[in-house]
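Analysis of the macromolecular model
If you want the building blocks of each chain, they are given just below.
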Amino acid sequence: MDVYLDHHATTPCLPEVVDAMLPWFTERFGNAGSRSHRWGYEARTATEHARGQLALGLGCSPKALVLTSGATEADNLAILGVLRANRSRGDHVVTVATEHEAVLATVRAAEREGFRVTVLPVGPDGLLDPDVLVGALTDRTVLASVMWVNNETGVVQPIARLGEICRERGVLFHTDAAQAPCWLPMALADLPVDLASVSAHKLYGPKGIGALYVRRGRPRVDLEPILHGGGQERGLRSGTLPVPLVIGFGEAVARLDRARVPEVARLRDGLLERLKTVGDVHLNGSREHRVAGNLNVRIGGVDVRALMLAVRDVAMSSGSACTSESLTPSHVLRAMGLTPDEAATSVRLGLGLHTTEEAVDHAAEALIAGITTVRGL
Ligand SMILES: *Cc1c(COP(=O)(O)O)cnc(C)c1O
């Protein structure tokens, strides 16, 4: 039995989502930007319907959404777009050491453009202390970017509190929310959040599409596009809309059902208890402030690469997918104070909304056998 426990890396596209997408590749192939015939009209109507589904699921106005190629591009647009558009107001951006590379590499790029960057530390539980954020903001700070849910540890940052702190000080607040929608209710417009990045393939939709939420109303969120061209997405993201992907994204969000979240949390907790029976197994990151699907554990004496070789039929990860090929230990776990050795003996197990008890049972048995094997070597 093969068990997929790597839902933080990506999720399968729901068959119903694929079905909804298919006609838009073939008979309904129009360009949503074409104004002079029914093919274009049909595509535009359908993409606007999908935008409505996204808005409903994310709790915001359809006009607040800029469709992008994914969360990576949304993060780039949020950070570079805000900094470049607000040069007259300041030159400083604040973020956190445990962010995804899509944020960290982007602030480094901004630094090379002359902006100043502060990367804040987290506690051993992976949480950013709001007082640390307060201490980092200056009258030159334009933007703070703090992820909602960490992709390695599942740790949930206190986004509402952090957003409030920024709002009180006139600092724009961006959150990378790619890992949030499966587990947490989304009501973006009700939060003190100015910009938020999401990705379809993290919520049972297709790869290659995502969105940046940009708050509407006053004070205006000034944003400069990073891609230039035909002026689609209100000039903020040029490029022909990938109609089938837009349809799939809308359908995936409309079908997102969090009814099983408590059950998944129960399965995750059971898996942790089973793993603990081998001894010297420790949870990385806050237990309380964590999404239901995540388990990130350090297993004393067990190099995760050896464990993955020993347990071939359970898909898991030693860190984020983008860096798992390299030997550098997870920057997230290092930022939480783990030694390189502790990080190298930590594994991320990511359950999905459809993960069954049978699958978790099998994974627990296979992992326990694998740990015993690796420790015996
Ligand atoms: C997956 C992920 C991304 C990248 O999203 P893509 O749509 O694959 O570009 C960014 N941030 C976080 C937190 C993620 O989990």
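Residues numbered from 1 in each chain as written. Predicted model: local features only at pLDDT ≥ 70, side-chain atom pairs only at ≥ 80, totals over all residues. Heavy atoms only, no water.

**Topic: the sheet that holds strand 10 (residues 294-299)**
Within a sheet, neighbouring strands are paired by backbone hydrogen bonds and run either parallel or antiparallel to one another. Taken in spatial order, the three strands line up as 9-10-12 in an open sheet, and their pairing is antiparallel. Each edge of the open sheet is held by one strand with a lone partner, namely strand 9 (281-283) and strand 12 (346-350). Here the average twist between neighbouring strands, direction ignored, is 30°. Where strand 10 lies against strand 12, five bridges are found, and the strand directions are antiparallel. Across the sheet, the residue bridging to R298 is S346, located in strand 12. (Pairing = 2+ DSSP bridges. Helix = DSSP H or I, 4+ residues; strand = E, 2+ residues; numbered from the N terminus. Axes fitted to C-alpha atoms, helices over the stretch in contact; angles between N-to-C directions.)

**Considerations on the site of the ligand**
In the vicinity of the ligand, the contacting residues are G70, A71, T72, H100, M147, N151, D176, A178, Q179, S199, H201 and K202. For the ligand, the accessible surface in isolation is 380 Å², of which the surrounding protein chains cover 87%. Residue classes in the shell around the ligand are distributed as three nonpolar, seven polar and two charged. (Near = heavy atom within 4 Å. Areas by Shrake-Rupley, 256 points an atom, 1.4 Å probe, with all protein chains shown as cover. Nonpolar A, V, L, I, M, F, W, Y, C, P; charged D, E, K, R; others polar.)

**Here's the deal with the nonpolar core**
Counting residues in hydrophobic clusters, the biggest one holds 98 residues, and the most contacted among them are L133, W148, W183, F249, L271, L275 and L349. Here this core takes eight residues from helix 12 (residues 357-376), the largest share from any one element. When residues of this core are sorted by domain, at least three fall in each of domain 1 (3-10 + 258-376) and domain 2 (15-254). Setting aside chain neighbours within four positions, we find W183 in contact with R258, V261, V264, V291, A292, G293, L351, G352 and L353. Counting 23 residues, the second-largest nonpolar core is a separate cluster that includes A74, V214, L223 and L236. (Core = buried A, V, L, I, M, F, W, Y, C linked by side-chain atoms within 4.5 Å. Buried < 20%, exposed > 50% of the residue type's maximum accessible area, 1.4 Å probe, protein only. Domains from an automatic or database assignment. Contact = heavy atoms within 4.5 Å.)

**Things to note about empty space enclosed by the protein**
One pass over the structure, following the stated rule, counts four cavities of 30 Å³ or more. A volume near 80 Å³ is recorded for the largest cavity. Looking at the largest cavity, it is lined by 13 residues, and the ones nearest its centre are H7, Q179, C182, W183 and K202. Within the lining of the largest cavity, the residues separate by chemical class into seven nonpolar, five polar and one charged. The residues that make up the lining of the largest cavity include at least three from each of domain 1 (3-10 + 258-376) and domain 2 (15-254). (1 Å grid on protein atoms, 1.4 Å probe; cavity = no way out; pocket = protein on both sides within 12 Å on 5 of 7 lines; lining within 4 Å. Points joined across faces, edges and corners; volume = space filled by probe spheres on them.)

**Some remarks on the sheet that holds strand 5 (residues 141-145)**
If you trace the seven strands from one edge of the open sheet to the other, you get 2-8-7-6-5-3-4, paired in mixed fashion. Two strands in the sheet have a free side with no partner beyond their single neighbour: strand 2 (65-68) and strand 4 (116-120). Put simply, the sheet's adjacent strands are angled 20° from each other on average, direction ignored. As defined by bridge partners, strand 2 adjoins strand 8 (residues 210-214) across four bridges and the pair is classed as antiparallel. Looking across to strand 8, one finds that L65 is bridged to Y213. Against the sheet, helix 3 (residues 71-85) contacts strand 2, strand 3 (92-96), strand 5, strand 6 (172-176), strand 7 (195-199) and strand 8, and its axis sits at roughly 160° relative to strand 7. Seen against the sheet, helix 4 (residues 101-112) touches strand 3, strand 4, strand 5 and strand 6 and runs at an angle of roughly 155° to strand 3.

**Section: the side chain of N294**
Mapping N294 onto the fold places it in strand 10. Note on N294: relative accessible area 0%, which makes it buried. Within the structure, the side chain of N294 is placed 3.0 Å from the side chain of H8, a separation counted as a polar contact. There is a polar contact of 3.1 Å between the side chain of N294 and the backbone oxygen of E152. Each residue touching N294, except ones within four places of it in the same chain, is listed here: H8, E152, T153, G154, R268, R348 and L349. (Polar contact = N/O pair within 3.5 Å; in protein donor to acceptor, adjacent residues only side chain to side chain.)

**Looking at unusual backbone geometry**
Geometrically, the link from R218 to P219 is a cis peptide bond, its omega value of -10° lying close to zero. Along the chain, P219 turns up in the loop between strand 8 and helix 7 (243-255). Phi angles above zero are rare outside glycine, and E233 is one such case at about 55°. Secondary-structure assignment places E233 in the loop between strand 8 and helix 7. Positive phi, normally seen in glycine, also occurs at D280, with a value near 60°. Within the secondary structure, D280 is located in the loop between helix 8 (261-276) and strand 9.

**A closer look at the domain arrangement of the protein**
Reports of interface size often rely on the accessible area that becomes lost once the parts have come together. Entries for the protein in the domain assignment read domain 1 (3-10 + 258-376) and domain 2 (15-254). Distance from the C-alpha centre of domain 1 to the C-alpha centre of domain 2: 28 Å. The partner domain 2 presents 31 residues to the 31 residues of domain 1 that form the contact. Here domain 1 and domain 2 share an interface that buries about 2400 Å² over both sides, 58% of which is from carbon and sulfur atoms. For the interface between domain 1 and domain 2, the tally reads zero salt bridges. Run the count over domain 1 and domain 2 and you get 15 residue pairs in polar contact (both at pLDDT 80 or more). Residue assignment for the side of domain 1 that touches domain 2 shows that the elements contributing at least two residues are helix 8, strand 10 and helix 10 (331-335). Looking at the side of domain 1 that touches domain 2 element by element, the count peaks at four residues for helix 10. Residues belonging to the side of domain 1 that touches domain 2 are distributed by class as follows: 12 nonpolar, 16 polar and three charged. (Buried area = accessible area lost by both parts, 1.4 Å probe. Salt bridge = Lys/Arg side-chain N within 4 Å of Asp/Glu carboxyl O.)

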